[in-house]
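The chain contents come next:
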Amino acid sequence: MDQREILFIGTYTEPILFGTGDILPGKGRGIYILSLDPSGKLFDAGMEADVRNPSFLCLSPARRFLYAVYELQEYDGEKTGAVSSFAVKSRGGQIGLQFLNILPSGGTDPCHVAMNREGSHVFVSNFMSGSVSVFPVSADGALSPASDFIQYEGASAHPRRQQSPHAHSL
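Chemist: Before we go on, may I ask you to explain the overall build of the protein chain in this structure?
Modeler: Assigned secondary structure in the protein chain consists of zero helices and 13 strands. The secondary structure elements of the protein chain, listed N-terminal to C-terminal, are β-β-β-β-β-β-β-β-β-β-β-β-β. Here the analysis covers contacts within the protein chain between residues at least 6 apart in sequence; of these, 43% occur between residues at least 24 apart. Taken as a whole, the protein chain presents about 9400 Å² of accessible surface, with 52% of it coming from carbon and sulfur.

What follows is the structure, given as structure tokens:
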């Protein structure tokens, strides 16, 4: 019996401006899929290359679906990032991702995605705009439009980096 674990690795595929003012060049190519055997060796198991800055990923509780934020300041001509859903598929012993859908995240530079225990909702933190969005999940793993949105207000002690809120994780 194969005891391998499957790992999904998010990357920056495009340059991104950090809150410190530094620009990360973004050298990744998408979502990498790796296989980890019991001895600790990693093996290349594939890639999903048609994603932009999938910086943070989340698996559903049953590990049937993967959710990725697209850490962007603009998506589809709007000032927003995005969040997408994928079905985790096994094809001939290989694991792959099947794209389901993508939606605007409701704010800029989404940097975190999480799912509730029941697998019914996905939560996204939008770092630069300081907001959080909630997305219902359908039975097939696809995301529905946001059912809730919270925009935070305020500033903090560091005058250069904290002129506005920065939602980071849930």
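From this point, things continue past the structure.
Chemist: What's the story with the sheet that holds strand β11 (residues 121-126) in this structure? I'm lost.
Modeler: Strands belonging to one sheet form pairs held by backbone hydrogen bonds; the direction of such a pair is parallel or antiparallel. Across the sheet, which stays open at both edges, the four strands sit in the order β10-β11-β12-β13 with antiparallel pairing between neighbours. Here the strands that pair on one side only, and so sit at the sheet edges, are β10 (110-115) and β13 (148-151). With strand direction ignored, the average angle separating the axes of adjacent strands in the sheet is 15°. With six bridges joining them, β11 and strand β12 (residues 131-136) adopt antiparallel strand pairing.

Chemist: For this particular structure, what's the right way to read the packing of aromatic side chains?
Modeler: The description of an aromatic ring pair rests on the distance of the ring centres and on the angle between the ring planes. All told, the structure shown has one aromatic pair when counted by the stated rule. Summarising the aromatic geometry, the rings of F86 and F99 are spaced 5.8 Å apart at their centres and angled 70° between planes, so their arrangement reads as edge-to-face. Placement of F86 in strand β8 (residues 82-91) and of F99 in strand β9 (residues 94-104) is noted, with a sequence separation of 13 residues between them. In this structure F99 comes out as partly exposed when scored by relative accessible area, which is 41%. Here the basic side chain of R4 rests over the ring of F43, its NZ or CZ set 4.4 Å away from the ring centre.

Chemist: Help me understand the side chain of T108 in this model?
Modeler: Position of T108 relative to the elements: it lies in the loop between β9 and β10. T108 has contacts with L72, Q73, K79, T80, G81, N126, F127, M128 and S129, leaving out every residue within four places of it along the chain.

Chemist: Any chance you could explain unusual backbone geometry here in plain terms?
Modeler: Of all residues except glycine, most have a negative phi; of all peptide bonds, most are trans. Notably, N53 is not glycine yet its phi reads approximately 50°, a positive angle. Take N53: it is sitting in the loop between β5 (42-48) and β6 (56-59).

Chemist: So what exactly am I meant to see when it comes to the pattern of salt bridges here?
Modeler: A side chain of one charge can pair with a side chain of the opposite charge when the charged atoms of the two come close. Under the definition given, this model contains two salt bridges. The closest approach of N and O atoms between E5 and R63, which form a salt bridge, is 4.0 Å. Remark: R63 occurs in the loop between β6 and β7 (65-70) and E5 occurs in strand β1 (residues 5-9); sequence separation between them is 58 residues. Judged by its relative accessible area of 43%, E5 is partly exposed.

Cut-offs used in this document
Along every chain, residues carry numbers that run from 1 in the direction the sequence is written. Totals for whole chains, interfaces and linings use all residues, but because this is a predicted model, local features are given only for residues with pLDDT of at least 70 and pairs of side-chain atoms are given and counted only at 80 or more. Water and hydrogen atoms were dropped before computing side-chain values, which therefore reflect all heavy atoms in the structure. Under the DSSP-based scheme used, a helix requires at least four consecutive residues in state H or I and a strand at least two consecutive residues in state E, with every element numbered from the N terminus. The contact definition used throughout considers only heavy atoms, calling two residues in contact when any of these lie within 4.5 Å. What sets the accessible areas is the Shrake-Rupley method with a 1.4 Å probe; for residues, cover comes only from the shown protein chains. A pair of strands counts as paired when DSSP detects no fewer than two bridges linking them. Here the axes come from fitting lines to C-alpha atoms, over the contacting stretch only for helices, and the angles between their N-to-C directions go from 0 to 180 degrees. Aromatic pairs are defined between Phe, Tyr and Trp rings, using the six-membered ring for Trp, whenever the two ring centres lie within 6.5 Å; interplanar angles under 30 degrees are classed as stacked, those over 60 as edge-to-face, and all others as tilted. A 1.4 Å probe rolled over the protein chains alone gives each residue an accessible area, and that area as a share of the maximum for its type sets the label: buried under 20%, exposed over 50%, partly exposed in between. For a ring to carry a charge above it, either NZ of a lysine or CZ of an arginine must fall within 6 Å of the ring centroid while also lying within 35 degrees of the normal to the ring plane. A pair is scored as a salt bridge if a Lys or Arg side-chain nitrogen falls within 4 Å of a carboxyl oxygen belonging to Asp or Glu.

By themselves, these observations are geometric and do not establish any function.
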